[in-house]
Amino acid sequence: MSSSVIDLLATEARFGAQNYQPIGVVLTRGEGVWVWDIEGNRYLDCLSAYSAVSQGHCHPKILAAMVEQAGRLTLTSRAFHNDQLALFYEEIAALTGSHKVLPMNSGAEAVESAIKSVRKWGYEVKGVADGQAEIIVCADNFHGRTLGIVGFSTDAETRGHFGPFAPGFKIIPFGDAAALDAAITPNTVAFLVEPIQGEAGVIIPPAGYFTEVRELCTANNVMLVLDEIQTGLGRTGKLLAEQHEGIEADVTLLGKALSGGFYPVSAVLSNNDVLGTLRPGQHGSTFGGNPLACAVARAAMRVLVEEGMIENAATQGARFLQGLKDIRANTIRDVRGRGLMLAVELHPEAGRARRYCEALQGKGILAKDTHEHTIRIAPPLVITSDQVDWALEQFATILTQDFS
Ligand SMILES: *Cc1c(COP(=O)(O)O)cnc(C)c1O
């Protein structure tokens, strides 16, 4: 059977739900920062599966851990103990300074689990009347795709015709501490927020925002829940993005790079009694905390630290950002980023970002547009200076063209 690009795309279109509109490249292999399509063309991956492949494609040490564990024991369910879970707990707690860990699979599940946990904490510890708990979230948030989560999205595409939605969420502008102050009531149990809004277009809040947020949450006994599913594990040049402002969340959510792209692994981490409110039978997941996931996550965390990927994200991120800023092109409206979480926002008149991403494909770079006019750039954290410089040449070539 021939599997040309055309055939595969036609088959996908015929059988698959059309909930994505991928760029027309069919990938078959990956190694480090590189991926190859079925025709043998090589690309620098500047998306890293939305930051899930931070350790680089098919990292040999994560692969070895996965293969070894897969041949021994993959799933026990939490009805029994397995010999990887305790070690995973110990290592993720040591890495992040957390006291309690709840292992889940997808990022959205970690978010849902955090929502359930902070509500329970609100009723059982804070003393909010049953059914009255409020959670504050930000406009333009992205926390996943489950029903609970899309119910408090402000994006019409994300919410449209999926209702009715659960009550109990209040939406305030991102980066506005006064709005948080005004929104908190005695029934507020948590503020759920991304340190940097990734899907919204790499939106970085004003300096000092999270310091104020931390103070407001502490003063009002409100749990600060940081969704670090995209920003965490080195992406912004620090282990956790909260470290840029020297604060500590009460609840931290990790996912994506927690498995280096091998397997869905997420976790809710808490520094206090939020997770302590969960009793046997009150929450769970068949796959959450399975030995394969734990072995993969342990290896993914280990290589991140041992191979200096977090420091490299800071160094190469600064180089990439400066290089993008140095590109003189009237298509560019703004360049921003922290670590290797970068974005180029185009002038609305410059045409859709998608066109630029398609042109970048022709230059051997895979990047993803977001919100019409923004190109998001997030290569694996193992990228080298030479690779950054090469990527910058391609970006310069494409950004100085006009696709309007
Ligand atoms: C990707 C992402 C999620 C959802 O993770 P899934 O694994 O896709 O469910 C949640 N929050 C943020 C900030 C993300 O980037």
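This section reports on the structure supplied with the text.

Conventions adopted
Residues numbered from 1 in each chain as written. Predicted model: local features only at pLDDT ≥ 70, side-chain atom pairs only at ≥ 80, totals over all residues. Heavy atoms only, no water. Helix = DSSP H or I, 4+ residues; strand = E, 2+ residues; numbered from the N terminus. Expected span 1.5 Å × (residues − 1). Buried < 20%, exposed > 50% of the residue type's maximum accessible area, 1.4 Å probe, protein only. Arc of directions from axis to C-beta. Phe/Tyr/Trp six-rings, centres within 6.5 Å; stacked < 30°, edge-to-face > 60°. Lys NZ or Arg CZ within 6 Å of the ring centre and 35° of its normal. Polar contact = N/O pair within 3.5 Å; in protein donor to acceptor, adjacent residues only side chain to side chain. Contact = heavy atoms within 4.5 Å. Pairing = 2+ DSSP bridges. Axes fitted to C-alpha atoms, helices over the stretch in contact; angles between N-to-C directions. Near = heavy atom within 4 Å. Areas by Shrake-Rupley, 256 points an atom, 1.4 Å probe, with all protein chains shown as cover.

**Some points on helix α13 (residues 385–399)**
Three or four residues apart is the spacing at which side chains of an α-helix point the same way, because the helix has 3.6 residues per turn.
Piece 1. Taking 1.5 Å of rise per residue, 15 residues should cover 21 Å, and α13 covers 21 Å from first to last C-alpha, within 8% of that figure.
Piece 2. The complete set of buried residues in α13 reads Q387, V388, A391, L392, Q394, F395, I398 and L399. Down the axis of α13, the buried side of the element spans an arc of 165 degrees, and every buried residue falls inside it. The exposed set on the far side of α13, more than 90 degrees from its buried face, consists of D386 and E393.

**Remarks on the packing of aromatic side chains**
Piece 1. Scanning the entire structure with this criterion turns up six aromatic pairs.
Piece 2. Considering the side-chain rings of F88 and Y89, the 6.3 Å spacing of their centres and the 40 degrees angle between planes classify their relative orientation as tilted.
Piece 3. Between the aromatic rings of Y209 and F210, the centroid separation amounts to 4.9 Å while the plane-to-plane angle is 70 degrees, which identifies the pairing as edge-to-face.
Piece 4. Three or more aromatic residues link up through ring pairs in this structure, and these residues are F174, Y209 and F210.
Piece 5. Over the ring of W36 we find R29, and its NZ or CZ is 4.0 Å from the ring centre.

**Focus: helix α10 (residues 291–306)**
Piece 1. Here α10 spans 22 Å end to end across 16 residues, near enough to the 22 Å set by a 1.5 Å rise per residue.
Piece 2. The backbone nitrogen of L292 lies 3.0 Å from a side-chain oxygen of the residue at the head of α10, namely N290.
Piece 3. In the segment just after α10, G308 is the residue with positive phi, at about 65 degrees.

**Focus: the side chain of S51**
Piece 1. Inspection of the secondary structure puts S51 in helix α2 (residues 48–51).
Piece 2. With relative accessibility at 3%, the residue S51 sits in the buried group.
Piece 3. Sequence-distant contacts of S51, that is, excluding residues within four places in its chain, are made with Q230, R235, K256, A257 and A378.

**Quick notes on unusual backbone geometry**
Piece 1. Following G163, the chain continues to P164 via a peptide bond in cis, the omega torsion being 5 degrees.
Piece 2. Assignment of secondary structure puts P164 in the loop between α7 (156–159) and β6 (169–172).
Piece 3. Positive phi outside glycine occurs at H161, with the angle close to 60 degrees.
Piece 4. Structurally, H161 can be placed in the loop between α7 and β6.
Piece 5. Judged by relative accessible area, which is 85%, H161 ranks as exposed.

**Structural notes on the environment of L254**
Piece 1. The residue L254 is located in strand β9 (residues 251–254) in this model.
Piece 2. Separated by eleven residues in the primary sequence, L254 and V265 place their C-alpha atoms 8.5 Å from one another.
Piece 3. In this structure, L254 is in contact with I92, T96, A110, E228, I229, G232, L233, L240, S266, A267 and L269, ignoring residues within four places of it in sequence.

**A few points about the sheet that holds strand β4 (residues 100–104)**
Piece 1. Spatially, β4-β10-β9-β8-β7-β5-β6 is the arrangement adopted by the seven strands of the open sheet, whose pairing is mixed. A single partner strand is all that each edge strand has here, and the edge strands are β4 and β6. The sheet shows a mean angle of 20 degrees between the axes of neighbouring strands, direction not considered.
Piece 2. Lying on the sheet, helix α4 (residues 85–96) is in contact with β4, β9 and β10 (266–270); it crosses β4 at an angle near 120 degrees.
Piece 3. Strand contacts of helix α5 (residues 107–126): β4, β5 (134–138), β6, β7 (188–193), β8 (223–227), β9 and β10, with the helix running at about 160 degrees to β7, the strand carrying the most contacts.

**Remarks on the site of the ligand**
Piece 1. The ligand sits among S106, G107, A108, F142, H143, G144, E194, D227, I229, Q230 and K256.
Piece 2. Separating an oxygen atom of the ligand from a side-chain N or O atom of K256 is a distance of 2.6 Å.
Piece 3. Protein contacts shield 81% of the accessible area of the ligand, which totals 380 Å² for the unbound molecule.

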